[in-house]
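Structural characterization, general
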Amino acid sequence: MKSFKRIKGILIPFAVTLSFALISCAPQVEEPVEVTDTYVPEPTQLETIGRILIITENNFNDTELFYPLYRFIEEGYDVTVASLEGRAVIGYNSASLPSTVSIDQVDPEIYQAVYLPGGRAPQVLRRDSRVLEVVRHFVEEEKPIGAISQGPKILISAGVVEGRRMACWPDMSDELIEAGAEH
């Protein structure tokens, strides 16, 4: 136990000093640099246990997309990421997903759940009738829907939040309450 405390006492100040040094020495970049994620998650099972649909568009929250995507895959789900046009999408922190399928190609019947990450993408997605139709399918079939941060904006526009207990990013709570959700 003493050695752990000693290591902790050394590592924490070192990490703080190193991170400060890296931040202060980092080159200043005028334009954001696109970063392609190269991590390939390993499924923990040999067989797929189900299918999950993720709907997103440019300016998604990088962490809110990639972390759940990898966890779903690691748990054994086959995951499809759909966007409006079925092309590469870039998050607002510059992480990119090199390919997606078009929302037109999505058959919601084959998925067990849908996940809607936040960021700025839901503001665009909520205006697309195809996206709203897919989301309504999940509600009508009582399939699980996950929506984080700004993701509930899509559910509000689909008209499916009334009477439901929900959470959201703080700046949109009034909109969620006005739509009839319990916040």
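Residues numbered from 1 in each chain as written. Predicted model: local features only at pLDDT ≥ 70, side-chain atom pairs only at ≥ 80, totals over all residues. Heavy atoms only, no water.

With that settled, consider the overall build of the protein chain. Along the protein chain, the regular secondary structure elements total six helices and eight strands. Reading the protein chain from its N terminus to its C terminus gives the helix and strand order α-β-β-α-β-β-β-β-β-α-α-β-α-α. The long-range share in the protein chain, meaning contacts at least 24 apart out of those at least 6 apart in sequence, stands at 67%. Per element, the accessible surface of the protein chain, about 11,300 Å² overall, is 55% carbon and sulfur. (Helix = DSSP H or I, 4+ residues; strand = E, 2+ residues; numbered from the N terminus. Contact = heavy atoms within 4.5 Å. Areas by Shrake-Rupley, 256 points an atom, 1.4 Å probe, with all protein chains shown as cover.)

What follows covers the packing of aromatic side chains. Enumeration over the complete set of coordinates arrives at three aromatic pairs. Pairing Phe 60 with Phe 66 gives two aromatic rings, centres 6.0 Å apart and planes at 70°, and the pair type is edge-to-face. Overall, Phe 60 belongs to the buried group, its relative accessible area being 0%. On the accessibility criterion, Phe 66 (8% relative accessible area) is buried. (Phe/Tyr/Trp six-rings, centres within 6.5 Å; stacked < 30°, edge-to-face > 60°. Buried < 20%, exposed > 50% of the residue type's maximum accessible area, 1.4 Å probe, protein only.)

Mapping Leu 97 onto the fold places it in strand 5 (residues 95-97). C-alpha of Leu 97 to C-alpha of Phe 66: the two residues are 31 residues apart in sequence and 8.9 Å apart in space. With residues up to four places along the chain from it excluded, the contact list for Leu 97 reads Leu 65, Phe 66, Leu 69, Val 81, Ala 88 and Val 89.

Moving on, we come to the sheet that holds strand 6 (residues 101-102). Reading across the sheet, the five strands line up as 6-3-2-7-8 and stay open at both edges, with parallel pairing between neighbours. The sheet is open, and its two edges are formed by strand 6 and strand 8 (145-147), each paired on a single side. Pairing between strand 7 (residues 113-116) and strand 8: three bridges, direction parallel. Along strand 8, the bridge assignment pairs Leu 116 with Ala 147. Contacts from helix 2 (residues 62-74) reach strand 2 (50-55), strand 3 (77-83) and strand 7 within the one sheet, and its direction differs from that of strand 3 by about 150°. (Pairing = 2+ DSSP bridges. Axes fitted to C-alpha atoms, helices over the stretch in contact; angles between N-to-C directions.)

Core analysis: the largest hydrophobic core is formed by 41 residues, its most contacted members being Leu 53, Ile 55, Phe 66, Leu 69, Val 131 and Val 135. Those elements giving two or more residues to this core turn out to be strand 2, helix 2, strand 3, strand 5, strand 7, helix 3 (121-125), helix 4 (129-140) and helix 5 (152-158). Here this core gets six residues from one element, more than from any other, and that element is helix 4. (Core = buried A, V, L, I, M, F, W, Y, C linked by side-chain atoms within 4.5 Å.)

Okay, helix 4 next. The first and last C-alpha atoms of helix 4 sit 16 Å apart over twelve residues, in line with the 16 Å expected at 1.5 Å per residue. Backbone geometry just after helix 4 places Glu 142 at a positive phi near 55°. (Expected span 1.5 Å × (residues − 1).)

What sets the pattern is the α-helix's 3.6 residues per turn: residues three or four places apart point alike. For helix 2, with 13 residues, the first-to-last C-alpha span of 18 Å sits near the 18 Å given by 1.5 Å per residue. Those residues of helix 2 lying buried are Asp 62, Glu 64, Leu 65, Phe 66, Pro 68, Leu 69, Tyr 70, Ile 73 and Glu 74. Elements that come into contact with the buried residues of helix 2 comprise strand 2, strand 3, strand 5 and strand 7. Structurally, the start of helix 2 carries an N-cap: the backbone nitrogen of Thr 63 is 3.0 Å from a side-chain oxygen of Asn 61. Two residues or fewer after helix 2 comes Gly 76, characterised by a positive phi angle close to 105°. (Polar contact = N/O pair within 3.5 Å; in protein donor to acceptor, adjacent residues only side chain to side chain.)

Our focus in this paragraph is the side chain of Lys 143. With respect to the secondary-structure elements, Lys 143 resides in the loop between helix 4 and strand 8. At 4.9 Å, Glu 109 is the nearest oppositely charged side chain to Lys 143, a buried residue that forms no salt bridge. With sequence-adjacent residues up to four places away left out, Lys 143 is seen in contact with Pro 108, Glu 109, Tyr 111, Gln 112, His 137 and Phe 138. (Lys, Arg positive; Asp, Glu negative; His and termini not counted. Salt bridge = Lys/Arg side-chain N within 4 Å of Asp/Glu carboxyl O.)

Along the chain, Ser 173 turns up in helix 6 (residues 173-178). By relative accessible area, which is 15% here, Ser 173 ends up buried. For Ser 173, the side chain forms a polar contact with the main-chain oxygen of Pro 170, separated by 3.1 Å.

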